[in-house]
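Single-letter residue listing:
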Amino acid sequence: MDTLLALAALAVSLVALGMSVFFWRRQFRPIVTAAVKTHSGGNDGIAYNLVVLNSGSIPAKNIRLIVHDQAGLKAALGVGANEDAKKRWLACFTQSTEIPLLQNGDKTTCSFGMTHSDPRQSFWKPQAQFWIRIEYEGWFGAKYDSDPLNVLQIADSDSFTGGMWAPVRNPPPGTAGTSQTGSKLGSRPPSGIPRASPQRPVRHPRSTRYHRPSS
């Protein structure tokens with residue numbers, strides 16, 4: 001009986017050790033992901049950054065971004081995606097582009113095109129998405145090339161609906177307190193109740209100015 005209890009205790013200990021090693025191996029590694037984030041925007045257009053983030057526990061090195069779905073990328077491009085713009089804003093996917101080192105908890109960015117109310121100036125189609133694969137190495141040389149595919153969606157990261165309030169600026173001394181709106185690639189609507197101004201007309205939220213692609 002004592003022998004059986006000892007064997008059972010040993011088996012439980014081995015299982016616990018195996019599980020600890022398994023979860024340690026999954027945690028003690030870099031985890032590199034990418035996402036499209038808004039750089040600046042207004043009701044005329046939105047400029048985007050591509051953000052690459054290492055949320056793992058050790059640094060990552062030799063990071064490469066590879067387009068997995070070429071047809072999806074082609075379908076995501078807008079009318080304004082000429083050859084010069086492609087060279088500038090799709091350079092992150094070229095074979096020669098590599099991020100040498102990304103510390104754990106750190107991120108790096110690059111410009112990643114724009115959408116515009118005028119389709120002729122829009123590099124991307126709003127709400128388009130395509131899949132990429134991220135390959136990289138851990139600090140100690142382990143290779144990671146089979147992580148789940150990473151989707152990139154061309155969307156306003158400041159608001160998941162596309163509409164938002166603009167900050168209210170303090171009125172100059174002696175004025176009646178009319179709110180003013182800031183401007184980034186166009187103006188955003190003022191917060192609260194809009195008030196017309198001859199110097200800065202009231203505009204609609206930027207989400208209402210876009211023409212989404214027809215299905």
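Fair warning: this is a prediction, and the values are worked out from it, not measured in the lab.

A.B. asks: Go over the sheet that holds strand β2 (residues 45-54) with me, naming the residues and quoting the values.
C.D. replies: An order of β1-β2-β5 is seen for the 3 strands of this open sheet, with the pairing classed as antiparallel. What marks the edges here is a single partner per strand, and that holds for β1 (32-41) and β5 (107-116). Neighbouring strand axes in the sheet, compared pairwise and without regard to direction, differ in orientation by 25 degrees on average. As defined by bridge partners, β2 adjoins β5 across 8 bridges and the pair is classed as antiparallel. Bridged to Asn-49 within β5 is Ser-111.

A.B. asks: Describe a nonpolar patch on the surface, listing the residues and the values that go with them.
C.D. replies: Side chains of Met-1, Leu-4, Leu-5, Leu-7, Leu-10, Leu-14 and Leu-17 sit close together on the surface and give an oily, nonpolar patch of about 790 Å² of accessible area. Mapping Leu-5 onto the fold places it in helix α1 (residues 2-27).

A.B. asks: Give a detailed account of the environment of Ala-60, specifying residues and quantitative values.
C.D. replies: By the element assignment, Ala-60 lies in strand β3 (residues 60-67). In sequence terms Ala-60 and Gly-141 are 81 residues apart; their C-alpha atoms lie 9.3 Å from each other. Contacts of Ala-60, omitting those with residues within four sequence positions, involve Pro-30, Val-32, Asn-54, Pro-100, Leu-101, Leu-102, Tyr-136 and Glu-137.

A.B. asks: Explain the packing of aromatic side chains to me, using residue names and the numbers behind them.
C.D. replies: With the rule as written, the count across this model stands at 8 aromatic pairs. A ring pair is formed by Phe-28 and Phe-140, whose centres lie 6.1 Å apart and whose planes are at 25 degrees; its orientation type is stacked. With a gap of 112 residues between them, Phe-28 in the loop between α1 and β1 and Phe-140 in the loop between β6 (129-138) and β7 (143-144) connect regions that are remote in the sequence. Ring pairs connect the aromatic residues Trp-89, Phe-93, Phe-112, Phe-123, Trp-124 and Phe-130, which therefore count as one cluster. A cation over an aromatic ring shows up here: Arg-88 above the ring of Trp-89, its NZ or CZ 4.5 Å from the ring centre.

A.B. asks: Tell me about the nonpolar core, and name the residues and values.
C.D. replies: With 33 residues, the main nonpolar core has Phe-93, Phe-112, Trp-124, Phe-130 and Leu-152 as its most contacted residues. When contributions to this core are tallied by element, the ones reaching two or more residues are β1, β2, β3, α2 (70-76), α3 (83-89), β4 (99-102) and β6. Leave out the neighbours within four places in its chain, and Phe-93 touches Leu-65, Val-67, Phe-112, Phe-130, Ile-132 and Leu-152.

A.B. asks: Describe the pairing of strand β8 (residues 150-153), and please don't skip the residues or the numbers.
C.D. replies: Regular strands place side chains that alternate from one sheet face to the opposite one. Across the two faces of β8 the burial differs, with Asn-150 and Leu-152 buried and Val-151 and Gln-153 not buried at all. As defined by bridge partners, β6 adjoins β8 across 4 bridges and the pair is classed as antiparallel. Within the sheet, the bridge partner assigned to Phe-130 lies in β8 and is Leu-152.

A.B. asks: Give me the state of the cysteines: which residues, what numbers.
C.D. replies: Within this structure, the stated rule accounts for 0 disulfides. A disulfide-free cysteine, Cys-92 has its sulfur positioned 4.5 Å from the sulfur of Cys-110, the nearest such atom. Taking relative accessible area as the criterion, Cys-110 reaches 29% and is therefore assigned partly exposed.

A.B. asks: Can you lay out unusual backbone geometry for me, pointing to particular residues and giving the numbers?
C.D. replies: Backbone geometry at Asn-62 places phi at a positive 50 degrees, although glycine is not the residue there. The residue Asn-62 is located in strand β3 in this model. A relative accessible area of 28% places Asn-62 in the partly exposed class. Despite not being glycine, Gln-127 has its phi angle at roughly 70 degrees, a positive value. Secondary-structure assignment places Gln-127 in the loop between β5 and β6.

A.B. asks: Talk me through the pattern of salt bridges; I want residue IDs and the actual numbers.
C.D. replies: Taken as a whole and judged by the stated rule, the model has 5 salt bridges. For the salt bridge of Asp-147 with Arg-29, the shortest nitrogen-to-oxygen distance reads 3.0 Å. Residue Asp-147 is located in the loop between β7 and β8, and its partner Arg-29 is located in the loop between α1 and β1; the two are separated by 118 residues in the primary sequence. On the basis of relative accessibility, which here comes to 15%, the residue Arg-29 falls in the buried class. Arg-120 serves as the salt-bridge partner of Asp-118, at 3.2 Å between the closest nitrogen and oxygen. Look at Arg-120 and you get exposed, because its relative accessible area is 65%.

Calculation criteria
Residues numbered from 1 in each chain as written. Predicted model: local features only at pLDDT ≥ 70, side-chain atom pairs only at ≥ 80, totals over all residues. Heavy atoms only, no water. Pairing = 2+ DSSP bridges. Helix = DSSP H or I, 4+ residues; strand = E, 2+ residues; numbered from the N terminus. Axes fitted to C-alpha atoms, helices over the stretch in contact; angles between N-to-C directions. Patch = residues over 30% accessible without salt bridge, like charges linked within 9 Å, V, L, I, M, F, W, Y side chains within 5 Å. Areas by Shrake-Rupley, 256 points an atom, 1.4 Å probe, with all protein chains shown as cover. Salt bridge = Lys/Arg side-chain N within 4 Å of Asp/Glu carboxyl O. Contact = heavy atoms within 4.5 Å. Phe/Tyr/Trp six-rings, centres within 6.5 Å; stacked < 30°, edge-to-face > 60°. Lys NZ or Arg CZ within 6 Å of the ring centre and 35° of its normal. Core = buried A, V, L, I, M, F, W, Y, C linked by side-chain atoms within 4.5 Å. Buried < 20%, exposed > 50% of the residue type's maximum accessible area, 1.4 Å probe, protein only. Disulfide = S-S within 2.5 Å.

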